[in-house]
Amino acid sequence: MKDRDTIVTDALDIIDVGLGVFDRENCLIYSNAAFRDLRGYPQDICHKGAPLAELLTYSALRGDFGPGVPEKLVKKRLDEIAAVKDRRVEHVRPDGQVLQIRYQRKKDGGLVITYRDTTAEHRAEAALRRSEERYALVSEAADEAIYDWDIGAGRFFATPRLDDLLDHSISGLAKPMEAWRDLVHADDLEGYVAAVRAHFRGETEQLEQEYRIRVRGGGYRWVHDRGVAVRDATGRVARLVGAVRDVTETRTAEEQLAATQARLVSSLSSLSDGILMVDAERRVELFNQRYVDIFSSAAGTDATPIIRIGRKFFDMIRDGYDMGMFKPHPDGADAWVENRLKAWDSPVSQWELELANGSWILLNEREMPDGGRISIYTDITEIKRREAEAEAARQRFEEAIEAIGSGFALWDSEDRLVISNSRYRAFFEGLADMVVPGKAFNDIIAAGIQRDMFPLARGDVAGYLARIAERRLVADGSVREQFINRHWLQITDHRTQDGGIVSIYTDITERKLAEDRLRAALSEFNAVSEHIDYGILFTGPDLRARIVNRAFRELWEMDQEFIDTCPHMQELIEYNRKTGLYSVSEEEWDEWLAERISSIKAGNVPPREFERGDGKFLRYQVVNLPDGGRMLTYFDITELKARENEASRARDKAETALADLKKAQERLVQSEKMASLGQLTAGIAHEIKNPLNFVNNFSKLSAEMLEELEEVLEEPVKALAEDDRDEAEDLLKTVRENLLKIARHGQRADAIVKNMLLHSRDGPGERQSVGLNAIAEEAMNLAYHAARAEDKSFNIEMVKQLDADLGEVVCYPQDLMRVFLNLVTNGMYAAVKHRETAASGFEPRITLTTKVRGDMAEVQVCDNGAGIPEDVREKIFLPFFTTKPAGEGTGLGLSLSYDIVVKQHGGALTVDSAPRKYTRFTVSIPMSGATG
């Protein structure tokens, strides 16, 4: 059984009065469902412990308190609540909802707030007031008798006109409506009662009935009764207010009207529409001149001879067909008349007919009570022409919006989709069933949220929808950016004159990616520039410092605090005016400084050398930047200058040795081509490795510092407004991802550099006599476990066919281990990769085989992968050539293996392959270890 507290809570959730209880600190202790629903508070805001100020802020931001600064509006409400112990107010929300609010302070300092929805009561009262006002006006101005029947109280009030009309007094009777029913003619009573009941059930907008009613002197008079029900808050009829007028004379006049109709026939000739009346026997009874003119024009001749009173209609139109009035039927006149007969038997209120002369007629046929037929012929040729023009304009409009590179959508004043182009629909490809004309915008967005197409809506659907609704309500053409369905879109909404909205969606994904790359590149540049040994200064077009690296600051002995002020170029130079670094006297300083600034402004200053007051020699250069800024570089060439003197003394000696050196170079280039390439590679690798180490180290350090920064900012970020918090968290996430990318690509580059250094190594290690089977088997095991460590799902069949007669060989074991490890790793990769495209049931396999062939030891590594094309096999051992996708191979592994086997061991490394079957690498080295 439920405990007492649960029962009370369930009961409070059922009532329609909102209840919120706050402690003396104005923090929420309890609220029922109606409290949240009536105020529209989301669950994540209206929770236990939520401050009252936070709830009021939510209402203020939503516009519930009207215009003004939200903070001031909230403070005003809190001051009003604190001023009195029991405060009652009535609040009308922007959507028209009326809430009766009561703030009641408890003895312990707590606060109880109740909300009651009185919208229906106010609307009923307003309707009642309007009815009473109308009643008073009508009573004074109308000749009809006005009545007011209070159904609940059983009271009936009528103006004196009703008593005059009937010569009866109804208002004073105990049961007025029963007395009224008794006066209604017996033949009309049933219809009157049915009309009243239908109106009370809401089936008709008003009660309107004509019936006969008995007067005091005997006899009956016709009355026209028109009334309107007034309903209470529950929708039940509380009163019936109406008017009764005497229409006896009107009824008499109707008889006179019949006589008048005959006279109206003569006026038909003046109508712009053709009129034709046919009796029950399908004979022509009446037609006007316009009818004759329409079909004479269609036939191209006078149709009077065939159109005459008394003639059978179908004989007449048959003659008209023969005269060429109508479009020819493919099966002739009989078929055409037969189709017309079918149409006659199944009349349509309106249908269109194209005549032989190209004009269009709208034919409106009505069957008469006596079985005859009246037909109205309206010339709609001009309308059809305009419809064709409108259709052509619509097609041009659709073609125009299809030509737009952006997504286009037009919404009506009810925010329903009118039309969209294919580009817009492509952005919402997962909502093809929703992005169709007639669908409401909110329904489309709600469906997208359900299908997880809007990441920003996760966790706060209501808030997300509210933000979108707020922007669309303004629709002033302001630009916003939004991530939708894997695309960054720039969105603008424009309000049309009829209250609709034109939405333009532009794909800016590439721009976003470019901005990310630019930020990453700038971050890398800043990190690298800090470790460059020469001074670099970047300025803007205004010659104020933008980027200053460490070497510049140290070269000119400037502290970071000064640099952070973004000083002007003149301030940078003035910084060392008194230090003696510039060999310029005070008298000459101003003129010298003006010339220096002028030359920097002119830009593109070629490299110049000058000696500072402290004896240092600097090479200085100015380069113009595309944005109008300047880049200044300062190289310390003091040591270079000193070496120039030594070089001058050694020049003669060097010239003497130059000839010998050239000859030696020629022999060296000829005999050691690959060795030179290795030295070049090593030099490049060493040069790259230092800045690369800085990139890797600082990316790791930055990632650690970012984690510390996130911990420090965790609470401040939570305190931000939701949009700002989302933006801050998104920025932190982006920076973290960028650092991961820098670290990953830095490690990739480091692997390339290491392989380059291995490839360029001057010579092997120590030669040893070792068992080749053991080295090869260990390489296979190492490769397998390395792959498993990287991917737990990795699996491959390993086959070992080791020749027991293969003993020890003299070799460089560590280098051969590298060769076998590289070949096995490549084979495993190829076999597993082939599984993605191979037929069902394919299992990757790699085979290791060792053999003795004469005085050679042979090791084969064979995989069942996709194989290597013949044109690729010719380049397989070239440096930096790889068959793996970008980012997965360096292209140095096989080149390095080839050098180890062929150059170090005097052996051979060959490859054999069959497409989609296998690839086999064979290593052959001398058993004795001879290198040839």
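You'll find the protein entered in an unreviewed UniProt entry as histidine kinase, with Ruegeria marina given as the organism. Turning to the protein, the UniProt record has this under Catalytic activity (unreviewed entry): "ATP + protein L-histidine = ADP + protein N-phospho-L-histidine."

A closer look at helix α28 (residues 893-904)
The terminal C-alpha atoms of α28 lie 16 Å apart, and with twelve residues this matches the ideal 16 Å at 1.5 Å per residue to within 8%. Taken together, the buried positions of α28 are occupied by Leu894, Ser895, Leu896, Ser897, Asp899, Ile900, Val901 and Gln904. Downstream of α28 by a residue or two, Gly906 has a phi angle that is positive, lying close to 65°.

Let's talk about the sheet that holds strand β17 (residues 417-420)
For sheets, the rule is that strands pair by backbone hydrogen bonds, running either parallel or antiparallel. Read from one edge of the open sheet, five strands run β17-β16-β20-β19-β18, paired in antiparallel fashion. The open sheet has two free edges, formed respectively by β17 and β18 (476-484), since each of these has just one partner strand. On average, each strand axis in the sheet is inclined to that of its neighbour by 20°, with strand direction left out of account. One ladder, built from seven bridges, connects β18 with strand β19 (residues 487-495); its direction is antiparallel. Looking across to β19, one finds that Val479 is bridged to Thr492. Here helix α16 (residues 461-474) sits on the sheet and contacts β16 (407-411), β18, β19 and β20 (501-507); the angle it forms with β18, its principal contact strand, is near 155°.

Some points on the sheet that holds strand β5 (residues 111-117)
If you trace the five strands from one edge of the open sheet to the other, you get β2-β1-β5-β4-β3, paired in antiparallel fashion. Sheet topology places β2 (28-31) and β3 (86-92) at the edges, where each strand pairs with a single neighbour. In this sheet, adjacent strand axes meet at a mean angle of 15° when their direction is disregarded. Two elements, β3 and strand β4 (residues 98-105), share seven bridges in a ladder whose sense is antiparallel.

A word on the pairing of strand β7 (residues 155-158)
Across a regular strand the side chains alternate sides, sitting on one face of the sheet and then on the other. Going residue by residue along β7, you find Phe156 and Ala158 tucked away on one face and Arg155 and Phe157 left uncovered on the opposite face. For strand β6 (residues 145-150) and β7, the ladder comprises four bridges, and the chain directions are antiparallel. The residue bridging Asp150 from the neighbouring strand is Arg155, located in β7. Taking the residues between adjacent antiparallel strands as the criterion, β6 and β7 are bridged by four residues, where Gly154 takes a positive phi near 70°.

Digging into the nonpolar core
Judged by nonpolar contacts, the single largest core of 40 residues is most densely connected at Leu772, Ile796, Phe820, Leu823, Met828, Val923 and Ile925. Elements with a minimum of two residues in this core: α25 (772-790), β28 (808-811), α26 (813-834), β29 (845-853), β30 (856-863), α28 and β32 (918-926). Here this core takes nine residues from α26, the largest share from any one element. Excluding anything up to four places from it in sequence, Ile925 contacts Leu772, Val809, Leu816, Asp855, Met856, Ala857, Val901, His905 and Gly907. If you look at the next biggest cluster of nonpolar residues, it comprises 28 residues, including Ala303, Phe326, Val337 and Leu363.

Thoughts on the packing of α26 against α28
Running from amino to carboxyl end, α26 crosses α28 at an angle of 140°, the nearest separation of the two axes being 9 Å. The pairing of α26 with α28 is recorded here as oblique in orientation. The two elements α26 and α28 cross, and the hand of that crossing is left-handed. Touching Asp815, Leu816, Arg818, Val819, Asn822, Leu823 and Asn826 of α26 are Gly893, Leu894, Leu896, Ser897, Ile900, Val901 and Gln904, all from α28. Its residues placed into classes, the contact of α26 with α28 shows seven nonpolar, five polar and two charged.

Description of the environment of Val861
As for its position among the elements, Val861 is in strand β30. Accessibility expressed as a relative area gives 4% for Val861, which makes it buried. Along the primary structure Val861 and Val824 are separated by 37 residues, whereas in three dimensions their C-alpha atoms are 6.5 Å apart.

A few points about the pairing of β2
Here strand β1 (residues 18-22) pairs with β2 via three bridges, running antiparallel. Residue Gly20 lies in a different strand from β2, and its bridge partner there is Ser31. Linking β1 to β2, which pair antiparallel, is a turn of five residues; within it Asn26 sits at a positive phi near 65°.

Digging into the pattern of salt bridges
This model, assessed by the stated rule, comprises 52 salt bridges. Among the ionic pairs, Arg221 bridges to Asp246, the shortest N-O distance being 2.6 Å. Here Arg221, found in strand β9 (residues 220-231), pairs with Asp246, found in strand β10 (residues 237-246); they are 25 residues apart in sequence, far enough to count as distant. For Arg221, a relative accessible area of 26% corresponds to the partly exposed category. Taking the shortest distance from any N to any O, the salt bridge between Asp493 and Arg472 comes out at 3.8 Å.

Examining the side chain of Arg373
Assignment of secondary structure puts Arg373 in strand β15 (residues 373-379). For Arg373, a relative accessible area of 5% gives the class buried. Looking at Arg373, its side chain comes within polar contact range of the side chain of Glu365, at 3.4 Å.

Looking at unusual backbone geometry
Trans is the prevailing form of peptide bonds, just as negative phi is the prevailing case for residues other than glycine. For Asn26, which is not glycine, the phi torsion reads 65° and is therefore positive. Given a relative accessible area of 21%, Asn26 falls into the partly exposed group. The backbone of Arg282 shows a phi angle near 65°, a positive value even though the residue is not glycine. Here Arg282 lies in the loop between β11 (274-278) and β12 (284-287).

Examining the confidence of the model for the protein
Scored by pLDDT, the protein has a mean of 80; 86% of the residues are at 70 or more. For residues 666-675, every residue scores under 50 in pLDDT, and the model assigns this stretch two contacts once sequence neighbours within four places are set aside.

Some details on the environment of Val17
Looking at the secondary structure, you find Val17 in the loop between α1 (4-14) and β1. Using a relative accessible area of 26% as the deciding quantity, one classes Val17 as partly exposed. Sequence separation between Val17 and Leu38 is 21 residues; the distance between their C-alpha atoms is 8.6 Å. Other than its neighbours up to four places away in sequence, Val17 contacts Asn32, Ala34, Thr114, Tyr115 and Arg116.

Remarks on the packing of helix α11 (residues 313-323) against helix α12 (residues 333-345)
Where α11 contacts α12, the two axes come as close as 10 Å, and the packing angle between them is 140°. Taken together, the axes of α11 and α12 lie oblique to each other. Helix-helix and strand crossings are classified by hand; for α11 and α12 the assignment is right-handed. In this structure, α11 uses Phe313, Phe314, Ile317, Arg318, Tyr321 and Asp322 to contact α12, whose residues at the interface are Ala333, Asp334, Trp336, Val337, Arg340, Leu341 and Trp344.

Some thoughts on the packing of aromatic side chains
Think of a pair of aromatic rings as described by two things: how far the centres are apart, and how the planes are tilted against each other in angle. Applying the stated criterion to the full structure yields 32 aromatic pairs. Ring centres of Tyr582 and Trp592 lie 5.1 Å apart, and the angle between their planes is 55°; on these two criteria the pair is classed as tilted. Separated by ten residues along the polypeptide, Tyr582 in the loop between α20 (569-574) and α21 (586-602) and Trp592 in helix α21 bring together distant segments of the chain. A residue is classified by how much of its surface remains accessible, and Tyr582, at 10% relative accessible area, is buried. Members of the aromatic cluster, joined through ring pairs, are Phe552, Trp556, Tyr582, Trp589, Trp592, Phe610, Tyr620 and Tyr634. Residue placement shows Arg596 over the ring face of Phe610; its charged tip is 5.9 Å from the ring centre.

About the thresholds
Residues numbered from 1 in each chain as written. Predicted model: local features only at pLDDT ≥ 70, side-chain atom pairs only at ≥ 80, totals over all residues. Heavy atoms only, no water. UniProt positions renumbered as here; feature names shortened; annotations may be inferred. Helix = DSSP H or I, 4+ residues; strand = E, 2+ residues; numbered from the N terminus. Expected span 1.5 Å × (residues − 1). Buried < 20%, exposed > 50% of the residue type's maximum accessible area, 1.4 Å probe, protein only. Pairing = 2+ DSSP bridges. Axes fitted to C-alpha atoms, helices over the stretch in contact; angles between N-to-C directions. Contact = heavy atoms within 4.5 Å. Core = buried A, V, L, I, M, F, W, Y, C linked by side-chain atoms within 4.5 Å. Parallel < 35°, antiparallel > 145°, perpendicular 65-115°, else oblique. Left-handed = near helix turned anticlockwise from the far one by under 90°. Nonpolar A, V, L, I, M, F, W, Y, C, P; charged D, E, K, R; others polar. Salt bridge = Lys/Arg side-chain N within 4 Å of Asp/Glu carboxyl O. Polar contact = N/O pair within 3.5 Å; in protein donor to acceptor, adjacent residues only side chain to side chain. pLDDT = per-residue confidence, 0-100. Phe/Tyr/Trp six-rings, centres within 6.5 Å; stacked < 30°, edge-to-face > 60°. Lys NZ or Arg CZ within 6 Å of the ring centre and 35° of its normal.

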